[in-house]
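Each chain, letter by letter, is given below.
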Amino acid sequence: MPANLQFPHIMPLPEDIKGSCFQNGNKRNHEPFMAPERFGNSTVGFGSNVHSQAPEKVTLLVDGTRFVVNPQIFTAHPDTMLGRMFGPGREYNFTRPNEKGEYEIAEGISATVFRTVLDYYKTGIINCPDGISIPDLRDTCDYLCINFDFNTIRCQDLSALLHELSNDGAHKQFDHYLEELILPIMVGCAKKGERECHIVVLTDEDSVDWDEDHPPPMGEEYSQILYSSKLYRFFKYIENRDVAKTVLKERGLKNIRIGIEGYPTCKEKIKRRPGGRSEVIYNYVQRPFIQMSWEKEEGKSRHVDFQCVRSKSLTNLVAAGEDVLEDQEILMHHPPQVDELDRLNAPLSQMASNDFQD
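Under an unreviewed UniProt entry, the name given to the protein chain is Btb poz domain-containing protein, and the organism recorded is Lynx pardinus. Reading the Subcellular location (unreviewed entry) entry of the UniProt record for the protein chain gives the comment "Cytoplasm".

Laid out in structure tokens, this is it:
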């Protein structure tokens with residue numbers, strides 16, 4: 001083999017997974033799932049000597065770049081996608097090599113990120129270099145079924161790493177809050193025939209004391225109250241609210257709104273308005289709220305059939321009869337005015353009659 005032969009598309013491999021060439025010139029018979037190592041227009045073969053047979057190699061084609069590896073590094077991690085793909089049961093795998101014997105995988109993943117992830121199969125740790133974003137690395141790990149946690153990822157940007165770990169933790173935590181705290185309130189609303197729910201999250205120390213005669217005027221009486229300081233702290237971060245929206249969408253809910261709003265807790269003072277009318281001033285606190293709907297026919301519920309809408313609301317038949325008589329009386333005493341254009345277009349006999357009346 002020439003000393004100056006270059007291998008531009010081959011990733012450097014550890015000594016235990018590198019192939020070897022034989023001097024007798026014989027080529028090993030390739031199995032269907034194997035791909036020979038290709039360097040330009042040449043093919044490097046393997047000898048058929050049983051005592052010096054090299055480990056089998058497979059070629060992975062990712063983003064136009066070829067990675068020639070020993071599949072045994074994947075079988076050491078059977079819980080990953082590549083571990084199952086090249087494991088003992090790979091004859092049942094639906095991923096088949098192309099006409100060149102190459103496995104085209106990881107569509108949409110860059111070769112640079114894939115090269116970084118391959119370190120996991122060699123050392124069990126992924127060292128994220130500068131220039132590779134943590135979200136891209138996370139997506140690749142999810143695609144390849146590699147655990148993305150602090151035990152496997154090493155990177156300089158701790159903020160980005162902790163952000164992804166917080167998203168994982170928030171997703172699991174809100175799943176728990178949804179089942180234990182929020183869902184029972186939603187079930188209670190559903191048993192009343194309602195198809196949407198508005199929940200205000202108060203702290204364990206909050207108390208609500210409304211005046212029975214003068215409740216808040218904004219419709220808060222229809223809101224459901226959930227006392228939970230833990231959920232209140234959870235919704236303090238906007239990233240957690242975004243994660244909660246994602247979880248609720250995954251569970252099939254619609255019209256999801258999560259934010260912070262003012263909620264009246266107790267009355268501060270009472271003002272006397274002219275005429276003896278009283279107005280209660282309430283103390284408002286900023287608290288998280290959740291609003292969602294499980295209505296199936298929301299479009300039809302808000303549709304108005306104008307054929308069924310009367311132009312005037314009538315309380316009873318007597319009032320209706322009085323309105324008809326009043327309209328007839330108005331027509332008798334106040335005939336409709338005639339426009340000058342109508343006079344010009346009317347017949348001569350009608351114009352004479354109108355002029356006589358004038």
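Moving on from the coordinates now.
1. Observations regarding the sheet that holds strand β10 (residues 254–272)
The four strands are arranged β9-β8-β11-β10 in an open sheet whose pairing can be described as mixed. Each having just a single partner strand, β9 (224–227) and β10 make up the two edges of the open sheet. Averaged over neighbouring strand pairs, the angle between their axes works out to 40° when direction is ignored. Two elements, strand β8 (residues 196–202) and β9, share four bridges in a ladder whose sense is parallel. Paired with Val 201 across the two strands is Leu 226, which belongs to β9.

2. Observations concerning the packing of helix α5 (residues 134–143) against helix α6 (residues 158–191)
At a minimum axis distance of 9 Å, the contact between α5 and α6 shows a crossing angle of 45°. If you check the angle between α5 and α6, you find them oblique. Crossing of α5 against α6: the hand is right-handed. The residues of α6 that touch α5, namely those facing Ile 134, Pro 135 and Arg 138, are Ala 160, Leu 161, Glu 164 and Asp 168. For the contact of α5 with α6, the residue count by class is four nonpolar, no polar and three charged.

3. A closer look at the sheet that holds strand β3 (residues 58–62)
Pairing in this open sheet of three strands is mixed, and the strands run β4-β3-β5 from one edge to the other. In the strand order of this sheet, the two ends are held by β4 (65–69) and β5 (102–104), each with one partner. Recorded for the sheet is a direction-independent mean angle of 30° between the axes of neighbouring strands. As paired strands, β3 and β5 are joined by three bridges and run parallel to one another. Across the sheet, residue Thr 59 finds its bridge partner in β5, namely Glu 102.

4. Some words on the packing of aromatic side chains
This structure, assessed with the given rule, holds 10 aromatic pairs. Ring centres 5.9 Å apart and planes at 15° place the aromatic pair Phe 174 and Phe 234 in the stacked group. Within this pair, whereas Phe 174 is found in helix α6, its partner Phe 234 is found in helix α7 (residues 229–234), the two being separated by 60 residues in sequence. When sorted by exposure, Phe 174 lands in the same class as Phe 234, which is buried.

Reading guide: rules and limits
Residues numbered from 1 in each chain as written. Predicted model: local features only at pLDDT ≥ 70, side-chain atom pairs only at ≥ 80, totals over all residues. Heavy atoms only, no water. UniProt positions renumbered as here; feature names shortened; annotations may be inferred. Pairing = 2+ DSSP bridges. Helix = DSSP H or I, 4+ residues; strand = E, 2+ residues; numbered from the N terminus. Axes fitted to C-alpha atoms, helices over the stretch in contact; angles between N-to-C directions. Parallel < 35°, antiparallel > 145°, perpendicular 65-115°, else oblique. Left-handed = near helix turned anticlockwise from the far one by under 90°. Contact = heavy atoms within 4.5 Å. Nonpolar A, V, L, I, M, F, W, Y, C, P; charged D, E, K, R; others polar. Phe/Tyr/Trp six-rings, centres within 6.5 Å; stacked < 30°, edge-to-face > 60°. Buried < 20%, exposed > 50% of the residue type's maximum accessible area, 1.4 Å probe, protein only.

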